[in-house]
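# Inside the fold
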Amino acid sequence: MARSRKLRITATAVVLAALAAAGANTTAIARTSPEKVAACGAFFDDFNYSSRTDPNFTGHDWSVRTGGGGPGIEGTWTASNVTFPVVDGQKSLQLRAATNGTVAGTTQSQVQQNQERFFEGTYATRFKFSDTPASGADGDHVNQTFYTISPLDYDWEPTYSELDISEYLPNGGWGEAGPVDFITSWNTYQADPFDGWRISAARRFSHAGWHTLVATVGGGHVKYYIDGSLAADHTTDGNGHSVYPRRPMTLNYNEWFIDLDGHSGSTSAYVQSADWVYYAKNEVLSPSTATARVNSYRSAGQTHADTISC
């Protein structure tokens, strides 16, 4: 998979510049079967916000990217592309990317949890992929993503960590015709010229619609599930480099264009949506247990919880 990652983590590095790097000491992973909500060590968000400027949104440590850098079309990250509409009956986080085929006419979007505090445990989100644009002609090389990442402090930095839980390319890109969903675990990389160590699974069929994405990090394995079925189990790349995270990461959603080569017509706009997100620190949960935890929050009317630090 040929791909450009120059300045991939620029926004994360800017947001985290004033933060001390979190320690990378691991904690024993607990395998938990009860479906009750954990009292400690969890993060949940139902995305029940009025807008990106809602004080609760920023108060819950979310930020919207507006800076430069990659991935995609540099310098086109746009705050107004982040909204919280009702999608299929559920209040959701929605990200938009639009282009008319020119850099000046392109906008992308990214939302992230600001602190490097997501490491071992279970990640889950209910995510809506789109195969066709919300408006305009189809064909753009758009990338719909949910991932975790740490800053790359320098080329081949040995503690760099990144888990691309899903990168969905409905119209292809990186030499793929599409649709294809890439699930990728990283060791490290060099920005320019690009070269990196990683392992990736490719699911070459449509993923349009709602899906529950789960990733577990524990015992040397990174396992990825889509709708409860195991999609990938990663330990090392093809040359034996470990792809197990080595330091805490931020949690992110973004929608961006790999390039503008596939564009035709006037402006085309694409959207991706997330109904909720959940993280259980130091717990390897089954997809069904993770979903049951989310349902416990929602049935109790709780739209946000953050006990990661306890």
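Check the entry above for the structure.
As a starting point, this report considers the structure included with it.

## Considerations on the nonpolar core
Ranked by size, the top nonpolar core spans 36 residues in total, and within it Phe 47, Trp 62, Leu 93, Tyr 123 and Tyr 253 carry the most contacts. For Phe 47, the residues in contact, after removing those within four places along its chain, are Trp 62, Phe 84, Lys 91, Ser 92, Leu 93, Tyr 253, Ala 274, Asp 275, Trp 276 and Val 277.

## Points about the state of the cysteines
Per the stated rule, a full pass over the model turns up 1 disulfide. The disulfide bridge from Cys 40 ends at Cys 310, spanning 1.9 Å between sulfur atoms. Pair noted here: Cys 40 is in the loop between β1 (30-31) and β2 (42-45) and Cys 310 is in the segment after β20 (304-306), with a separation of 270 residues, a long-range link. Relative accessible area serves as the criterion here: at 37%, Cys 40 is assigned to the partly exposed category.

## Section: helix α3 (residues 287-299)
The first and last C-alpha atoms of α3 sit 18 Å apart over 13 residues, in line with the 18 Å expected at 1.5 Å per residue. Among the residues making up α3, those that are buried are Pro 287, Thr 289, Ala 290, Ala 292, Arg 293, Val 294 and Tyr 297. Remark: Gly 301 follows α3 within two positions and exhibits a positive phi of approximately 75°.

## Quick notes on the environment of Asp 61
Its location among the elements puts Asp 61 in the loop between α2 (55-59) and β3 (62-64). Remark: the alpha-carbon pair of Asp 61 and Gln 115, spanning 54 residues in sequence, is separated by 7.8 Å. Filtering out sequence-adjacent residues up to four positions away, Asp 61 remains in contact with Gln 112, Gln 113, Asn 114, Gln 115 and Arg 117. A distance of 3.2 Å separates polar atoms of two side chains, one belonging to Asp 61 and the other to Gln 115.

## As for the pairing of strand β7 (residues 93-99)
Here β7 lies mainly inside the structure; 6 of its 7 residues are buried. Relative to β7, strand β4 (residues 82-83) is paired through 2 bridges, and the arrangement is antiparallel. Bridge assignment links Val 82 to a residue of β7, and that residue is Leu 95.

## A few points about unusual backbone geometry
Along the chain, Gly 178 connects to Pro 179 via a cis peptide bond; the corresponding omega equals -5°. Mapped onto the fold, Pro 179 is located in the loop between β11 (162-169) and β12 (180-190). For the bond running from Asp 192 to Pro 193, omega is -5°, close enough to zero to count as cis. Note on placement: Pro 193 falls in the loop between β12 and β13 (195-203). Although it is not a glycine, Asp 61 adopts a positive phi angle of roughly 70°. By relative accessible area, Asp 61 is classed as buried at 17%.

## Some details on the pattern of salt bridges
The final tally for this structure, using the stated rule, is 10 salt bridges. Two residues, Arg 126 and Asp 275, come together in a salt bridge whose shortest N-O distance is 3.0 Å. Separated by 149 residues along the polypeptide, Arg 126 in strand β9 (residues 121-129) and Asp 275 in strand β18 (residues 268-281) bring together distant segments of the chain. Note on Arg 126: relative accessible area 24%, which makes it partly exposed. Among the salt bridges present, the one from Glu 283 reaches Arg 293, with a minimum N-O distance of 3.3 Å.

## Brief notes about the sheet that holds β12
Spatially, β3-β8-β17-β10-β11-β12-β13 is the arrangement adopted by the 7 strands of the open sheet, whose pairing is antiparallel. With partners counted over all chains shown, the strands left at the sheet margins are β3 and β13, one partner each. Pairs of neighbouring strands in the sheet enclose a mean axial angle of 20°, with direction left out of account. Pairing between β12 and β13: 9 bridges, direction antiparallel. Paired with Gln 190 across the bridge in β13 is Asp 195.

## A word on the packing of aromatic side chains
Here the structure, examined in full by the defined rule, presents 24 aromatic pairs. Considering the side-chain rings of Phe 57 and Trp 62, the 6.1 Å spacing of their centres and the 5° angle between planes classify their relative orientation as stacked. With respect to burial, Phe 57 and Trp 62 carry one shared label: buried. Measuring from centroid to centroid gives 4.5 Å for Phe 127 and Phe 129, while their planes differ by 40°, and the two rings are tilted. Residue Phe 127 shares its accessibility class with Phe 129, and that shared class is buried. Here Arg 126 stacks its cationic end above the ring of Trp 210, 4.3 Å away from the centre of that ring.

Quick notes on the rules
- Every chain's residues receive numbers from 1 upward, in the order its sequence appears when written.
- For a predicted model such as this one, the threshold for reporting local features is a pLDDT of at least 70, and the threshold for listing and counting side-chain atom pairs is 80 or more; totals across whole chains, interfaces and linings nevertheless cover every residue.
- Think of the side-chain values as coming from all heavy atoms in the structure, minus any hydrogens and water.
- We define a nonpolar core as any set of buried Ala, Val, Leu, Ile, Met, Phe, Trp, Tyr and Cys residues linked to one another through side-chain atoms lying within 4.5 Å.
- Throughout, exposure labels follow a simple rule: accessible area from a 1.4 Å probe, protein chains only, divided by the maximum for the residue type, with under 20% read as buried, over 50% as exposed, and the rest as partly exposed.
- By definition, residues are in contact when any of their heavy atoms lie within 4.5 Å.
- Two cysteine sulfurs form what is called a disulfide whenever their separation falls within 2.5 Å.
- Helix and strand labels come from DSSP, where a helix needs a run of H or I of at least four residues and a strand needs a run of E of at least two; each type is numbered from the N terminus.
- Expected span, for any helix, means 1.5 Å times one less than how many residues it has.
- Any N or O atom pair separated by 3.5 Å or less is treated as a polar contact, with the protein-specific requirement of one donor-capable and one acceptor-capable atom, and with residues adjacent in sequence counted only for side-chain atom pairs.
- Between any two strands, at least two bridges found by DSSP are needed for them to pair.
- Salt bridge, as used here, is a side-chain nitrogen of Lys or Arg placed within 4 Å of a carboxyl oxygen of Asp or Glu.
- Axis lines are fitted through C-alpha atoms, for helices just across the contact stretch, and the angle between N-to-C directions can take any value from 0 to 180 degrees.
- For Phe, Tyr and Trp, where Trp contributes only its six-membered ring, two rings pair if their centres lie within 6.5 Å, and the inter-plane angle classes them as stacked under 30 degrees, edge-to-face over 60, or tilted in between.
- Criterion for a charge above a ring: Lys NZ or Arg CZ within 6 Å of the ring centre, and within 35 degrees of the ring normal.

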